[in-house]
Amino acid sequence: METSTDETSSADRIHGTISLSNDDWAALTSLKQSRSHYCVARASHIPAELSVSFEYFNQGGANAIFKIHSWSPSAPTNHQYFLFVDANIEDLLATPVRQPKLIDKVLRVNRGLEKTLRSEEVISGFYDHVRPLFAPKARLTTVVLTPRAECTLGPVSMPDLDWRTYLMDHQGVMLHPKVMEDLRSKCDAICREDGTQTTKPWGILLPDLSPQLGSSITVEVKPKWLSQSPTAPSNALRCRTCALQVAKPKDVTKYVCPLKLLGGSRDVVYPWVSGRVAEQLGVDVKSIGPQVQAQATDIASHLAKYISEGHGRDLLRRLEVLQRNLDQQGVLYRKRIMTTSQETRHAFDHNLRLAMTLRDCSLYLRIGYNSSGVIPGTIDCKLGDLDFKSADKIEDWAIKERELLESGAYTRRTNDDPGCLITGRLL
Ligand SMILES: O=P(O)(O)O[C@@H]1[C@@H](OP(=O)(O)O)[C@H](OP(=O)(O)O)[C@H](O)[C@H](OP(=O)(O)O)[C@H]1OP(=O)(O)O
Ligand SMILES: Nc1ncnc2c1ncn2[C@@H]1O[C@H](COP(=O)(O)OP(=O)(O)OP(=O)(O)O)[C@@H](O)[C@H]1O
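Numbering of residues begins from 1 in every chain and follows the order in which that chain's sequence is written. All chains are assigned letters beginning at A, and all ligands numbers beginning at 1, according to the order in which they are written. Owing to the predicted nature of the model, reporting of local features is limited to residues with pLDDT of at least 70; listing and counting of side-chain atom pairs is limited to 80 or more, with chain, interface and lining totals taken over all residues. In computing side-chain properties, one takes all heavy atoms of the structure into account and sets aside hydrogens as well as water.

- You'll find the protein chain entered in an unreviewed UniProt entry as Inositol-pentakisphosphate 2-kinase, with Ampelomyces quisqualis given as the organism.
- Among the UniProt annotations of the protein chain, the heading Sequence similarities (unreviewed entry) holds the following wording: "Belongs to the IPK1 type 1 family."
- Recorded in UniProt for the protein chain, the comment headed Catalytic activity (unreviewed entry) runs: "1D-myo-inositol 1,3,4,5,6-pentakisphosphate + ATP = 1D-myo-inositol hexakisphosphate + ADP + H(+)". UniProt positions are given in the numbering used here, feature names are shortened, and annotations may be inferred rather than shown by experiment.

Structure below.
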């Protein structure tokens, strides 16, 4: 096949490849990876079967998510179609990506808000700093206190287990202005560019863990703080996440204490999981017929088992060990290490940012079902939203921890207790 893309082409055409301009190649090298994807508008002479369209799916505080659909002859004629190109930077070869490789992925695009990371920063942070933590025998350089309360660096080795397959692969994709125009027209939350941008925008292709109506559901778990804050008072009635929930309650009906998720038995985890399953099935479990009721119970019970006894538990435990080792003193200790070596100060900040990243990620659990209940062996489990936190947030974290301590959020009794595992043990 011989093709070229609108507005990106130079005169040269190579058999089976797409010709990109020198500008495009220069921009594609900015990701510092040997291969990247480029998404462009489909030129009329490119076979329609290679093209895809986007559908808005969801958004968070920083990003918007789009589903990718394959070309269909029956789609409305006003549908905009796009082409993904696989750009091999070393050989300067660009080839169209076939649809099947795309339709099980979502496109995540930064909304362009202040203090949030661009997609290319998320990708490099993920591959350079976050993913290596999940490799077998990963070695951390942690900040530890000597018996004389001095700070020093000490190595910690993780167990010989490889958890990298449980992380979402992050495939960088450079987005042509026409693609951005299409995405913005589908999601107002993406900011308009102010014309000062000198770089091309990037997005990230991630595995699509969204549920399929009638055949699978997806439960999202935010692990948050899986062990107590190092600066929590010794008489704390609750964990760091529950303390914040007392201070600033969010989504009371959906809240669960992270320590319960980590260490709770299937019965402890079940009520929370069951609530999420009912939400997903779009039913009030009490008012539905026995068949759907049995289906919902079966799904919730499988997921609760996976979280409390299966790989879900092991993955949460790995996260807990990482969070605890990467942040042994707590953010408030930072002002006390100002006189230590630059290496120690750097390690302290770097590890704290990693610990906070691992506290704010999301575990996606998707499970397949049919009319008889769960289809065995169909749980997909992936950790996502592993965006390496910026150093700009360190001061905010210190302010938050001080507020929790000063407001008594860890220690005061309240009628709106979020159900912390620690409170339960103390009663
Ligand atoms: O402060 P927290 O623990 O409430 O966590 C924030 C999250 O709140 P939630 O998980 O809903 O409680 C918050 O999530 P939402 O936007 O509320 O969904 C963000 O993830 C925020 O991180 P960032 O500012 O986007 O880097 C998170 O801020 P960081 O503390 O991780 O910087
Ligand atoms: N790979 C995925 N598969 C399925 N759904 C996804 C995927 N990534 C994101 N989503 C959905 O989109 C929502 C928002 O995505 P995401 O958490 O990446 O946004 P964010 O802006 O980083 O969120 P935050 O507010 O935590 O910063 C998620 O809660 C989830 O429902």
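### Some thoughts on the overall build of the protein chain
- Each helix corresponds to a stretch of at least 4 residues labelled H or I by DSSP, and each strand to a stretch of at least 2 residues labelled E; elements are numbered beginning at the N terminus. The secondary structure content of the protein chain amounts to 11 helices and 16 strands.
- This radius of gyration counts C-alpha atoms alone. The globule rule is 2.2 Å times how many residues there are, raised to the power 0.38. By the compact-globule yardstick of 22 Å for 427 residues, the protein chain fits well, its C-alpha radius of gyration being 24 Å.
- Across its three principal directions, the C-alpha atoms of the protein chain cover 75 × 65 × 40 Å.
- Expressed as a percentage of the 427 residues in the protein chain, the buried residues total 49%.
- Here the contacts in the protein chain between residues at least 6 apart in sequence split such that 74% fall between residues at least 24 apart.
- Here, Shrake-Rupley sampling with a 1.4 Å probe gives the accessible areas, and only protein chains in the shown set may cover a residue. With an accessible surface of roughly 21000 Å², the protein chain has 49% of that area assigned to carbon and sulfur atoms.
- His is not counted, nor are the chain ends; Lys and Arg add positive charge and Asp and Glu add negative charge. All charge positions are set by atom: Lys at NZ, Arg at CZ, Asp at CG, Glu at CD. In the protein chain, 53 positive and 50 negative side-chain charges are present, and the distance between their average locations comes to 6 Å. For the exposure calls, accessible area comes from a 1.4 Å probe over protein chains only, and a residue counts as buried if that area is under 20% of its type's maximum, exposed if over 50%, partly exposed in between. For this analysis, residues touch if any pair of their heavy atoms sits within 4.5 Å.

### Focus on the domain arrangement of the protein chain
- Where each domain begins and ends follows an automated or database-derived domain assignment. According to the domain assignment, the protein chain contains domain 1 (3-110 + 171-203) and domain 2 (209-426).
- Taking the mean C-alpha position of each, domain 1 and domain 2 sit 34 Å from one another.
- Between domain 1 and domain 2, the residue contacts involve four residues of the former and four residues of the latter.
- As a working definition, buried area equals the accessible area (1.4 Å probe) given up by two parts on being put together, with both sides summed. Both faces combined, the contact of domain 1 with domain 2 buries some 280 Å², and carbon together with sulfur accounts for 31% of it.
- When the buried surface of domain 1 facing domain 2 is broken down by residue, F57, K67 and R108 rank first, second and third, together holding 82% of it.
- Salt bridges, as used here, are contacts in which a Lys or Arg side-chain nitrogen is within 4 Å of a carboxyl oxygen on Asp or Glu. Counting the contacts that link domain 1 with domain 2 gives two salt bridges.
- Two residues, D387 and R108, come together in a salt bridge whose shortest N-O distance is 2.9 Å.
- Here a polar contact is taken to be a pair of N or O atoms separated by no more than 3.5 Å, where protein atoms must pair a possible hydrogen donor with a possible acceptor and residues adjacent in sequence count only if both atoms sit in side chains. Seen at the junction of domain 1 and domain 2, the total is three residue pairs in polar contact (both at pLDDT 80 or more).
- Side-chain classes are defined by residue name, with Ala, Val, Leu, Ile, Met, Phe, Trp, Tyr, Cys and Pro counting as nonpolar, Asp, Glu, Lys and Arg as charged, and the others, Gly among them, as polar. Among the residues making up the side of domain 1 that touches domain 2, the classes are represented as one nonpolar, one polar and two charged.

### Thoughts on the packing of aromatic side chains
- Centres within 6.5 Å are what make two rings of Phe, Tyr or Trp a pair, Trp counting through its six-membered ring; a difference in plane orientation under 30 degrees is then read as stacked, over 60 as edge-to-face, and the rest as tilted. By the definition in use, this model includes five aromatic pairs.
- Between F54 and F82 the ring centres are 5.5 Å apart and the planes differ by 35 degrees, which places this aromatic pair in the tilted class. Placement of the pair is F54 in strand β4 (residues 52-59) and F82 in strand β6 (residues 82-88), with a sequence separation of 28 residues.
- Residue F82 is classed as buried on the basis of its relative accessible area of 0%.

### Quick look at the site of ligand 2
- Here a residue counts as near a molecule or strand whenever at least one of its heavy atoms sits within 4 Å of it. Residues in contact with ligand 2 amount to 20 residues; listed here are only the nearest, G61, A62, N63, R108 and E220.
- Separating an oxygen atom of ligand 2 from a backbone N or O atom of A62 is a distance of 2.7 Å.
- Contact distances for ligand 2 include 3.4 Å between a nitrogen atom and a side-chain N or O atom of Y364.
- Coverage of ligand 2 by the protein chains reaches 83% of its 620 Å² of free accessible surface.
- Elements with a contribution of two residues or more to the shell around ligand 2: β4, β5 (63-70), β8 (105-110) and β12 (202-207).
- With three residues, the single largest contributor to the shell around ligand 2 is β4.
- Two domains share the shell around ligand 2, each providing at least three of its residues, namely domain 1 (3-110 + 171-203) and domain 2 (209-426).

### Some words on the site of ligand 1
- Taken together, K222, K224, L244, K250, M356, D360, K389, K393, W397 and K400 make up all the residues around ligand 1.
- K389 has a polar side-chain atom sitting 2.8 Å from an oxygen atom of ligand 1.
- One of the side-chain N or O atoms of K400 is found 2.3 Å from an oxygen atom in ligand 1.
- Burial of ligand 1 by the surrounding chains reaches 62%, relative to a free accessible area of 600 Å².

### Focus: helix α10 (residues 394-406)
- Taking 1.5 Å of rise per residue, 13 residues should cover 18 Å, and α10 covers 18 Å from first to last C-alpha, within 8% of that figure.
- Inspection of α10 places I394, W397, A398, E401 and L404 among the buried residues, and these make up the whole buried set. In an axial view of α10, the angular spread of the buried residues amounts to 125 degrees, which keeps them on one side of the axis.
- Packing partners of the buried residues in α10 comprise α4 (240-247) and α9 (342-359).
- Once α10 finishes, G408 follows within two positions and takes phi at roughly 75 degrees, a positive value. To estimate how far a helix should reach, multiply one less than its number of residues by 1.5 Å. When we speak of the arc, we mean the arc of directions from the helix axis to the C-beta atoms.

### As for the packing of α4 against α10
- Axis definition: a line fitted to C-alpha atoms, limited for helices to the stretch in contact. Angles are taken between N-to-C directions and run from 0 to 180 degrees. Relative to each other, α4 and α10 sit at 75 degrees, their axes nearing to 10 Å. In terms of orientation, α4 and α10 fall into the roughly perpendicular class. Facing R240, A243, L244 and A247 of α4, the residues of α10 in contact are K400, E401 and L404.
- Residue composition of the contact of α4 with α10, grouped by class: four nonpolar, no polar and three charged. Any angle between 65 and 115 degrees counts as roughly perpendicular, while under 35 counts as roughly parallel, over 145 as roughly antiparallel, and the rest as oblique.

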